[in-house]
Amino acid sequence: MDLTLIIVWITTFIGFLIYRKIKGIYDDLESMGIPYEGALKGWMTMLKIFSSKEHFMNSITDQYNRFKGQQIIPSFSLTKRSFLIRDPALVKQITTKDFDTFMNHDKNLNPDMDKLSGRMLFTLFDDEWRNMRNILSPIFTSSKMKMMFGILADCTNDFTEHFEEKAKETGSMIMNCKESFSRFTVDGICSAVLGFKGDCIKNEDSELFKFTMNLQKVDFWMFLKIIVFMVAHKLYVIFKLQLTRKDVYDFFYNAIVKVMKEREQNGIFRPDVIQLLMQAKKGQLKMQDKENEVNEDELSNFSANIEYDVKAKNTKMTNWTDEHYMAQGMIFFLAGFDTTNILLQITTYSLAKNKDVQQKLIDEVDDVVVALDGSQVTYEALHKMKYLDMVISEALRYWPPAGEITRECSKDYNLKLDNGKTIKLKESDNILIPTYAIHHDPKYYEDPEKFDPERFSDERKGSIVDGAYVPFGSGPRVCIGSRFALMEAKLLLFNILRKFTFEVCDKTPEKLELAPSLTNFELKSPIVVALKLRN
Ligand code: HEM
């Protein structure tokens, strides 16, 4: 038999096994009265995503839109049952009211699979997650944000100085937003989290920047590793495979464990996350010092998370290792630079396209500049800017950088629907909350394709349906870094708009379309705008 025929036979056989597996996992759905399009449709969708024919988020949004009137529908997955939520009330029920049953993200990614990604706050589960969340929460309070404000302000100054220099001859310059904001957010995260100056903005050949961009690339081997992880993750344990590359492991070892030791030995203090992690390691970091906190009620920070009290039943169970602390540095780095970068890209694009919105924001910036009488903007002044907060909140609705939220069901659970039917969810079923699709559903947002910050005005924000606005997730597992992200994005926009306006140029895309890619946010045409110096 020739080799091609053998390959065709093997592929068909594997395809058949996967088809049987997917078909089997949803067998009981029809008896529960849930509309199900069949295993083949799900399999074809997965194929389109993995062969880079369609972006994951587009497939989810398409599925969401096809099932109007349903509260929950089966989603596509290779090995587990997966459900897509179509109803904000269920979003709240799953993420908040019945949090104990839906506390975890996918449990497949655990320390046995990968030394670092299995130990990140995002992947820890049950009491280990509760304990780590308690340790890390004090890092993101408003008093700690104020402490890091100056570090981020230096990065924003680097950004504006660099572009002022470039634009000074002709009065304007063309900016590729993804590249420029990536350089800024990598600098911001390095300075405020890892404690060293990245210098990616000013140094165009920065090795650190190349390394960071490389982190996101899905080459053939990475692709294969992801497929093996999704279809047969136990092979990772048997063959001692690791998802994290060795160079990435070494980077975080040097940036966190080595730096902590050096600071300890030399008595160095720097107001950054590493310092707070060192305090946390010694059990010295507490939520207590209320008098140093900023009064949140006086600030405009609509999207910022509320931190829940997440006490673990067993508080002494984990021996935290160096790798646990490296893993937290890694998740802050990974979760922090790309998401904030997307937020900045979307805001910039929307301001360039909506000149009236941009003008209103510039007027607010100018008022603050006058009030500050030449000094640098403060944490309080920035967070009292109502219109800036409305613009950022709308950008997070318009294009939520994380795209979707996931949960895993930890025990059998009867989900009662409005039509009187009950869905029996099983232990380890996946739940998918399609943030983008909900944010663009005309049922919850009038004229959803319009960029309209007024949705978040004092008069109108109260009418947003609970559970229909979740850019940072929802419930006790909500994004821990939302305050940091909002502060970073607001600070940069403030400083840019002091000096520049964003203008549409011939390279600015007419509309934003996702490219078929496995990465989170890859557009068919990148966002490019002109930065024009103000008079
Ligand atoms: C615009 C920027 C950001 C967006 C839109 C965003 C969004 C999200 C979302 C949707 C989740 C999942 C929440 C859930 O499951 O309910 C999440 C989790 C998380 N984010 Fe962010 N994020 C941003 C910036 C940041 C930053 C700057 C950091 C850290 C410095 C960070 C650290 C984390 C961590 C550690 C988790 C896991 C939390 C847990 O499992 O307890 N994020 N983020």
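Residues numbered from 1 in each chain as written. Predicted model: local features only at pLDDT ≥ 70, side-chain atom pairs only at ≥ 80, totals over all residues. Heavy atoms only, no water.

### Remarks on the site of the ligand
Test applied: Definition of nearness: a residue and a molecule or strand are near each other if at least one heavy atom of the residue lies within 4 Å of the molecule or strand. Polar contacts, as counted here, are pairs of nitrogen or oxygen atoms within 3.5 Å of one another; within protein the pair requires one atom able to donate a hydrogen and one able to accept it, and residues that are adjacent in sequence qualify only if both atoms are side-chain atoms. Secondary structure elements are defined from DSSP: runs of H or I of at least 4 residues count as helices, runs of E of at least 2 residues count as strands, and each element is numbered from the N terminus.
Near the ligand lie 28 residues; those nearest to it are Trp129, Arg133, Arg407, Arg477 and Cys479. The backbone of Leu121 places a nitrogen or oxygen atom 3.5 Å from an oxygen atom of the ligand. Between an oxygen atom of the ligand and a side-chain N or O atom of Trp129, the distance comes to 2.8 Å. If you list the elements that add at least two residues to the shell around the ligand, you get α6 (126-136), α14 (322-353), β4 (405-408) and α19 (482-499).

### Details of the pairing of strand β7 (residues 430-433)
Quick note on the threshold: Only protein chains enter the area calculation, which uses a 1.4 Å probe; residues under 20% of their type maximum are buried, those over 50% are exposed, and those in between are partly exposed. Strand pairing is defined by DSSP finding a minimum of two bridges between the two strands.
Across the two faces of β7 the burial is the same, with Asn430 and Leu432 and Ile431 and Ile433 all buried. Here strand β2 (residues 82-85) runs beside β7; their pairing, made up of 3 bridges, is parallel. Bridging across to β7, Leu84 finds its partner in Leu432. Bridging between β4 and β7 involves 4 bridges; their strand directions are antiparallel. Each residue of the ladder has a partner; that of Glu408, found in β7, is Asn430.

### Focus on unusual backbone geometry
The phi dihedral of Ser428 is positive, around 75 degrees, even though this residue is not glycine. By the secondary structure assignment, Ser428 is in the loop between β6 (422-425) and β7. Positive phi, normally seen in glycine, also occurs at Asp447, with a value near 50 degrees. With respect to the element layout, Asp447 can be found in the loop between α18 (435-439) and α19. Classification of Asp447 by relative accessible area gives partly exposed; the value is 49%.

### Re the UniProt feature "binding site: heme" (unreviewed entry) in the chain
Under the convention used in this document: UniProt positions are given in the numbering used here, feature names are shortened, and annotations may be inferred rather than shown by experiment. By the convention used here, residues are in contact when the closest approach between their heavy atoms is within 4.5 Å.
Summarizing the sequence annotation, UniProt attributes the feature "binding site: heme" (unreviewed entry) to Cys479 in the numbering used throughout. Summarising the element assignment, Cys479 is placed in the loop between α18 and α19. Setting aside its immediate chain neighbours within four residues, Cys479 contacts Arg133, Asn305 and Phe472.

### Comments concerning the pattern of salt bridges
Here is the rule we go by: We define a salt bridge as a contact between a side-chain nitrogen of Lys or Arg and a carboxyl oxygen of Asp or Glu at a distance within 4 Å.
Enumeration according to the criterion identifies 34 salt bridges in this entry. Residue Arg460 is joined to Asp452 by a salt bridge in which the shortest nitrogen-to-oxygen separation is 3.7 Å. On the basis of relative accessibility, which here comes to 13%, the residue Asp452 falls in the buried class.

### Some remarks on a nonpolar patch on the surface
In plain terms, the rule: What makes a patch is a set of residues exposed beyond 30% relative accessible area and free of salt bridges, joined within 9 Å when like-charged and within 5 Å when nonpolar (Val, Leu, Ile, Met, Phe, Trp, Tyr). What sets the accessible areas is the Shrake-Rupley method with a 1.4 Å probe; for residues, cover comes only from the shown protein chains.
Where nonpolar side chains cluster on the molecular surface, the patch consists of Leu3, Ile6, Ile7, Ile10 and Ile14 and spans about 460 Å² of accessible area. Relative to the helices and strands, Ile14 is located in helix α1 (residues 3-25).

### A word on the sheet that holds strand β8 (residues 500-503)
Filter applied, for reference: Axis definition: a line fit to C-alpha positions, over the contact stretch in the case of helices; interaxial angles, taken between N-to-C directions, run 0 to 180 degrees.
The strand order across the open sheet built from 3 strands is β3-β9-β8, with neighbouring strands paired in antiparallel fashion. What marks the edges here is a single partner per strand, and that holds for β3 (172-176) and β8. Averaged over neighbouring strand pairs, the angle between their axes works out to 30 degrees when direction is ignored. In this fold helix α7 (residues 142-167) packs onto β3, β8 and β9 (528-533), with an angle of close to 130 degrees to the strand it touches most, β3. Seen against the sheet, helix α8 (residues 177-194) touches β3 and β9 and runs at an angle of roughly 80 degrees to β3.

### Details of the nonpolar core
In summary, soluble globular proteins display a tendency toward joint burial of nonpolar side chains. What counts, and what does not: To define a nonpolar core, start from buried Ala, Val, Leu, Ile, Met, Phe, Trp, Tyr and Cys residues and group those joined through side-chain atoms within 4.5 Å.
Core analysis: the biggest nonpolar cluster contains 157 residues, and Trp399 and Phe502 have the highest contact counts within it. Those residues in contact with Trp399, other than ones at most four positions away along the chain, are Met57, Ile342, Ile346, Tyr436, Leu512, Leu514, Phe521 and Leu523. By size, the runner-up hydrophobic cluster in this structure holds 5 residues, among which are Met113, Phe229, Tyr236 and Leu243.

### Topic: the environment of Leu235
Assignment of secondary structure puts Leu235 in helix α11 (residues 234-238). By relative accessible area, which is 33% here, Leu235 ends up partly exposed. Sequence spacing of Leu235 and Met113 is 122 residues, and the spatial spacing of their C-alpha atoms is 8.9 Å.

### Re the confidence of the model for the chain
Applicable threshold: Scored from 0 to 100, pLDDT records how confident the predictor is in each individual residue.
Scored by pLDDT, the chain has a mean of 89; 95% of the residues are at 70 or more. Reported confidence for the predicted complex is 0.99 by ipTM and 0.92 by pTM.

### Some details on the packing of aromatic side chains
By convention here, two paired aromatic rings are described through the distance between centres and the angle between planes. Rule in force here: The rule is short: rings of Phe, Tyr and Trp, with Trp giving its six-membered ring, pair when the centres are within 6.5 Å, and they are stacked under 30 degrees, edge-to-face over 60, tilted in between.
Under the defined criterion, the tally for this structure stands at 18 aromatic pairs. Ring plane angle 75 degrees and centroid distance 5.7 Å describe the contact between Phe252 and Phe333, whose orientation is recorded as edge-to-face. Note that Phe252 is positioned in helix α12 (residues 246-266) and Phe333 in helix α14, a separation of 81 residues in sequence. For the pair Phe252 and Phe333, one class covers both residues: buried. Among the aromatic residues, those joined into a cluster by ring pairs are Phe211, Phe251, Phe252, Phe333 and Phe337.

### Things to note about the state of the cysteines
The term disulfide refers to a covalent linkage connecting the sulfur atoms of a pair of cysteines. Formally: Throughout, disulfides are identified as pairs of cysteine sulfur atoms within 2.5 Å of each other.
Under the criterion given, the structure shown has 0 disulfides. The thiol of Cys200 is unpaired, and the distance to the nearest cysteine sulfur, on Cys190, comes to 6.2 Å. Free of any disulfide, Cys505 has its nearest neighbouring cysteine sulfur in Cys177, separated by 9.0 Å. Judged by relative accessible area, Cys505 falls into the buried class, the value being 14%.

### Remarks on the sheet that holds strand β1 (residues 72-74)
By way of backbone hydrogen bonds, the strands of a sheet pair with one another, either parallel or antiparallel. The sheet built from 4 strands is open, its strands ordered β1-β2-β7-β4 with mixed pairing. For this open sheet the edge positions go to β1 and β4, each flanked by a neighbour on one side alone. Along the sheet, successive strands turn relative to each other by an average axial angle of 25 degrees, direction set aside. Where helix α4 (residues 56-66) meets the sheet, its contacts fall on β1, β2 and β7, and the angle it forms with β2 comes to roughly 65 degrees.

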